[in-house]
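# Structure at a glance
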Protein chains: 4
Amino acid sequence: MKALVYRGPGKRAWEDVDRPTIQAPTDAIVRITTTTICGTDLHILEGDVPAVQPGRVLGHEGVGVVEEVGDAVRNVRPGDRVLISAITADGRCDRCRIQMYSHCRNGGWVLGHLIDGTQAEFVRIPFADTSTYKLGPDADEEAMVMLSDIFPTGFEVGVLNGQVRPGNRVVIVGAGPIGWASLLTAQLCGPSEIWMVDLDRNRLDVAKKWGATRTFDAGDANLAETIRELTNGDGVDVAIEAVGVPATWDLCQKIVAPGGRIANVGVHGKAVQFDIERLWIQNITVTTGLVDTRTIPTLMRLIEAGKLDTRRMATHRFALHDAMKAYDTFANAAKEQAIKVVMRA
Amino acid sequence: MKALVYRGPGKRAWEDVDRPTIQAPTDAIVRITTTTICGTDLHILEGDVPAVQPGRVLGHEGVGVVEEVGDAVRNVRPGDRVLISAITADGRCDRCRIQMYSHCRNGGWVLGHLIDGTQAEFVRIPFADTSTYKLGPDADEEAMVMLSDIFPTGFEVGVLNGQVRPGNRVVIVGAGPIGWASLLTAQLCGPSEIWMVDLDRNRLDVAKKWGATRTFDAGDANLAETIRELTNGDGVDVAIEAVGVPATWDLCQKIVAPGGRIANVGVHGKAVQFDIERLWIQNITVTTGLVDTRTIPTLMRLIEAGKLDTRRMATHRFALHDAMKAYDTFANAAKEQAIKVVMRA
Amino acid sequence: MKALVYRGPGKRAWEDVDRPTIQAPTDAIVRITTTTICGTDLHILEGDVPAVQPGRVLGHEGVGVVEEVGDAVRNVRPGDRVLISAITADGRCDRCRIQMYSHCRNGGWVLGHLIDGTQAEFVRIPFADTSTYKLGPDADEEAMVMLSDIFPTGFEVGVLNGQVRPGNRVVIVGAGPIGWASLLTAQLCGPSEIWMVDLDRNRLDVAKKWGATRTFDAGDANLAETIRELTNGDGVDVAIEAVGVPATWDLCQKIVAPGGRIANVGVHGKAVQFDIERLWIQNITVTTGLVDTRTIPTLMRLIEAGKLDTRRMATHRFALHDAMKAYDTFANAAKEQAIKVVMRA
Amino acid sequence: MKALVYRGPGKRAWEDVDRPTIQAPTDAIVRITTTTICGTDLHILEGDVPAVQPGRVLGHEGVGVVEEVGDAVRNVRPGDRVLISAITADGRCDRCRIQMYSHCRNGGWVLGHLIDGTQAEFVRIPFADTSTYKLGPDADEEAMVMLSDIFPTGFEVGVLNGQVRPGNRVVIVGAGPIGWASLLTAQLCGPSEIWMVDLDRNRLDVAKKWGATRTFDAGDANLAETIRELTNGDGVDVAIEAVGVPATWDLCQKIVAPGGRIANVGVHGKAVQFDIERLWIQNITVTTGLVDTRTIPTLMRLIEAGKLDTRRMATHRFALHDAMKAYDTFANAAKEQAIKVVMRA
């Protein structure tokens, strides 16, 4: 079969690889019908994720049709259309038993990382019962593929960790895919204000259309002060860090109110300075997290009920066999005004 | 001054009474500018609330302008426009310290009940610092007066006690003012479905316009079964009881799913049968409560941000001195299609 | 092999039955080394649980050694000593994913109920990975067998549902095994007072020895009043109902304070009267539940750390092949001063 | 009257000052009967808290007898014996309404800081109704004075912020007064292990006697590794930072398990490095906080019930007029093996 293969830093190819087969009674083989590219895939291509070895099929997001299942699989069967979670959960270890699937003893983020991923014609999904979700006949695949990773990430690691509650003032720092997913899911929790911060005016315009009540230029040197003034000097209830660099972290710690929360979603490459000599007295909470994807069923139900529109994130579409072109586009996301680039078989 | 006075069962009058004066350093005297009538006021007039003595000025909802304050009052001063909470909180007893103002040792629901109320030209508000909320210059009084009682009740006792969460299926039994307040505030918590049950088609039509995703005729003998079927036999996550009779309680206990919640908001006149021989095994939670009005600041902020429209509840308007006519209208609420009847000075 | 078999109302026998075999790749066969009898087993023998068919091997509590496992079992292997949960959890359905194992779509309470149970030389445990817990080499089997059902029940359905918090006043109604398990685990949550109510003086004496700070005779006609007086008229923060008859429920609803919780653990045979005409205003919470056994790992850790002594519940010991005698003793628990009767192979 | 007065960095005196008088209707004047010295008082004397002006009476902990109250005070009256909270709460601002008294708009930590404090014969307590707690006739003053600050701090900022739950593994870094208060109150929440870390062997011995299940030498260069090994490489559920320097913060961030919490109680003088490039993926929570003293009533009830022994912290006693000697002793706490130095009038 064909797949998008990592060939070492800076190198990728759409090439022939062996079609996966069942290796354990809990496995399923899924024929991919829809997949997409994550910012993390670009990081891998830059060589930033050393655990990914050349030869690895990339991708951890996808929708497809079950081709074959191991003897122990009960939730899905051949012919079922399923959503694949970016996080593989064995469902039986101590971490999975408390829904912390991100730290599954035998899974976690492995797809397109430690085992072959979803940007391929077929993929093997371990622990299929607890790592895939059966879709209804009317499910929109482009809407659903957004639940593999990005929407649960924004919702769980940004909104729920940040404890967004009715009437809260929320700032989301970073109007990229994760920031938008946080923006759209924060609206499920009744905030009075959701402000977004970014350097890119186009992205802030999208944010406004999607419910941001105010936007701010990240380049403004007085931004922290401006935000504090808008809150009578108190700061905001929730600051969601959706970038992952010291400057955005720093903005968050400068604008959080006493009793407020900083929910870190950004993937950081280096340590940050935590102004604890000022914040020890401020009764704040800081959270971090890799997504558990435990909210996939909730988000699916909200999409089905018409209460959440995830499909709007799909700005560009390619055939699966044009995966190389899709990467070209996504690698220039700002210029292409691309949010999520969808590939369909 | 003039006030609406209870004169014993079935009797009310708009008559002269003494203007209230400061009695304690924590009191404020408020000149009423907007008030409204609660279903409870009608119950009082029917003689159902024996603690209310003839001669009592009725009313526990209101907006007005502070005329005078006691020496210890700090939050408000003469000339301030304020929202009056239906619940008087001394702010210093053990119950108030945990925000259970409903059971304040020196307050609770006293206005228009144990002391003179708000359907008058002036009212004395004890513990004014913790029983009134200063309004901004742009505040809409008709929107705000809905926060004295009915919106906090729907939100706290219905929605928050019921733990409405993103993706939940919610049924609200009773499309009266409390039911609608629950409907509007439930939408702050991201449910996937909000279904409403009532006997009155007009009221259900309003519910649909205001966000109910489906409505049901309370007269349907198979209603519990119908609702269970719509949920694949499971039942709903949250059932909000907003009527207060055995039949509506019974519907709630028949439709709640394992792990679900029944939030009772209805004022009940008699005991109900609790099917614990069936429900002991169902992992359900039942809550009751008088409103604490602790969410008034949250709801004020949501109104100001344009995220909550409480004003739509005001269907009929009268001058304060036409309070008798206002009562006539509200007493025939179904026929008049009245939701809340507002009186303005 | 030999097993204790239900032969219809009032009839039980220790007799030969077929030894169980693996039927699904997620099964394990466990050789029982320690088991015990639950009050529910007596109810079955009285014919009160019609779903139990004659011929059924009884018992849902046990410790044993894994003999054989299906292909998909990963957590345990032959030779491992394991604790068996009274609740069988497939670990993959929607209810198991939120730890509501009691309502597992393919499990729940099935052992000794819908499938053969643990009072036998061998038992088949479906979904062994999520329905058994591996024991350490030093584990005391008599301490651990108490975690199959009774301690998680007292802790989850009584203490955690009742939200026992530091400084709370707690009443436990019913000093039977469930009441004692609630008593011992409530002490993990820092209450200031734990009062116990029962008719049996011996049982109350045990309660005192095990940490009850005060005991009350359930026969006292003024008991509710007495308890309210001891709390300055307020009532208690938490009332745990551990009997299951209308009178004990009624006591609970009479003694709960505003803002308090009633946690029902008792198995009720008929509906009760819920005094909602008085309680609607009292901000109370009532919970029900079948045990999920989700706290087994927590309780195991506490036993290992010496912080919880479950072993003291084992008052009588028999050889497994003397199961008939063990039942005779447990059926006269009050007279025999038996709490839990343990059978060891 | 006499008082302990700050006279600039390094200088203190027991001298005559004006006796305080009622300044607002919510004030009370309290005659001090028991007070104590906090580590913060030593910091003030070192000149580390510039907001404290020379001439300020020090002290924010105390028990005493009410001498006089303003017109609006209702909870206490002359002759009542009261505990004084280190945190002054007006009870009426938005922060106090949600029990975040530490950030009261008109109070917070002001005693012995921005207004005169408790190390004096008399003290003025603003907002006495919400800043003092009436004691029962049998209350032990030495036990109670520990509730002014240190025990609520350990409990709220360490134990509750750290979400210590039954079966948790907890490490407390720093066996000083705050660490011990955390140790004693953590035991109200059922942890399986409480480990303490300090450089001082004497202090660790005290910790062992008071319930630490294991102690560690903070000087061990491999300490983080040792602790991780003892937890099978996972780390601990809760790390309580009770020192306030970069090294102790760093230990905490190295030993916290996925899903774990770091509760900072230490007062930090400089920023720390937060290893977010490693921790972003670890699903941790970090909290900070100044004490709200909202748990004083809970802790009082636990002392009265004999469930919490705070009195053992009082190792040295002086007459109030020997306050200068008491400071001498406390300034050499390690050498004197002093924990809390109590002064009684």
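Summarised in this report is the structure supplied together with it.

Conventions used here
Residues numbered from 1 in each chain as written. Chains lettered and ligands numbered in written order. Predicted model: local features only at pLDDT ≥ 70, side-chain atom pairs only at ≥ 80, totals over all residues. Heavy atoms only, no water. Contact = heavy atoms within 4.5 Å. Buried area = accessible area lost by both parts, 1.4 Å probe. Salt bridge = Lys/Arg side-chain N within 4 Å of Asp/Glu carboxyl O. Polar contact = N/O pair within 3.5 Å; in protein donor to acceptor, adjacent residues only side chain to side chain. Nonpolar A, V, L, I, M, F, W, Y, C, P; charged D, E, K, R; others polar. Pairing = 2+ DSSP bridges. Helix = DSSP H or I, 4+ residues; strand = E, 2+ residues; numbered from the N terminus. Core = buried A, V, L, I, M, F, W, Y, C linked by side-chain atoms within 4.5 Å. Buried < 20%, exposed > 50% of the residue type's maximum accessible area, 1.4 Å probe, protein only.

## Overview of the interface of chain C and chain B
Contacts between the two partners involve 35 residues from chain C and, on the opposite side, 35 residues from chain B. Summing both partners gives a buried area of about 3000 Å² for chain C against chain B, and 60% of it is carried by carbon and sulfur. Considering only the surface of chain C that becomes buried against chain B, Ile276, Trp280 and Thr288 of chain C emerge as the three largest contributors, covering 22% of it. The interface formed by chain C and chain B includes 4 salt bridges. As a salt-bridge pair, Arg105 of chain B and Asp234 of chain C come within 2.7 Å of each other at their nearest N and O atoms. Counting across the interface, chain C meets chain B through 23 residue pairs in polar contact (both at pLDDT 80 or more). Residues of the side of chain C that touches chain B, tallied by class, amount to 14 nonpolar, 14 polar and 7 charged. Taken together, the 3 bridges between strand E14 (residues 285–287) of chain B and strand E14 (residues 285–287) of chain C define a ladder with antiparallel strand orientation. Paired with Val286 of chain B across the two strands is Val286 of chain C, which belongs to E14 of chain C.

## Details of the nonpolar core
Ranked by internal contacts, the top residues of the largest apolar core, which has 226 residues, are Phe151 and Phe274 of chain A together with Phe151, Trp180 and Phe274 of chain D. Those residues in contact with Phe274 of chain A that lie beyond four places of it in its chain are Trp249, Gln253, Leu279, Ile284 and Val286 of chain A together with Trp249, Ala271, Val272, Phe274, Val286 and Thr288 of chain D. One finds Val30, Cys104 and Ile194 of chain B together with Val30 of chain C within the second-largest nonpolar core, a separate group that totals 224 residues.

## Here we look at the interface of chain D and chain A
Contact with chain D, which involves 35 residues of that partner, is made by 35 residues of chain A. A buried area of about 3000 Å², summed over both sides, lies between chain D and chain A, and 61% of it is on carbon and sulfur atoms. It is Ile276, Trp280 and Thr288 of chain D that lose the most area in chain D upon contact with chain A, and together they represent 23% of the buried surface on that side. Put simply, chain D and chain A have 4 salt bridges between them. Inspection of the region where chain D meets chain A yields 23 residue pairs in polar contact (both at pLDDT 80 or more). Only strand E12 (256–264), strand E13 (272–274), helix H10 (276–279) and strand E14 (285–287) of chain D provide two or more residues apiece to the side of chain D that touches chain A. Grouping the constituent residues of the side of chain D that touches chain A by class yields 14 nonpolar, 14 polar and 7 charged.

Take it as geometry only, folks, not as evidence of what the structure does.
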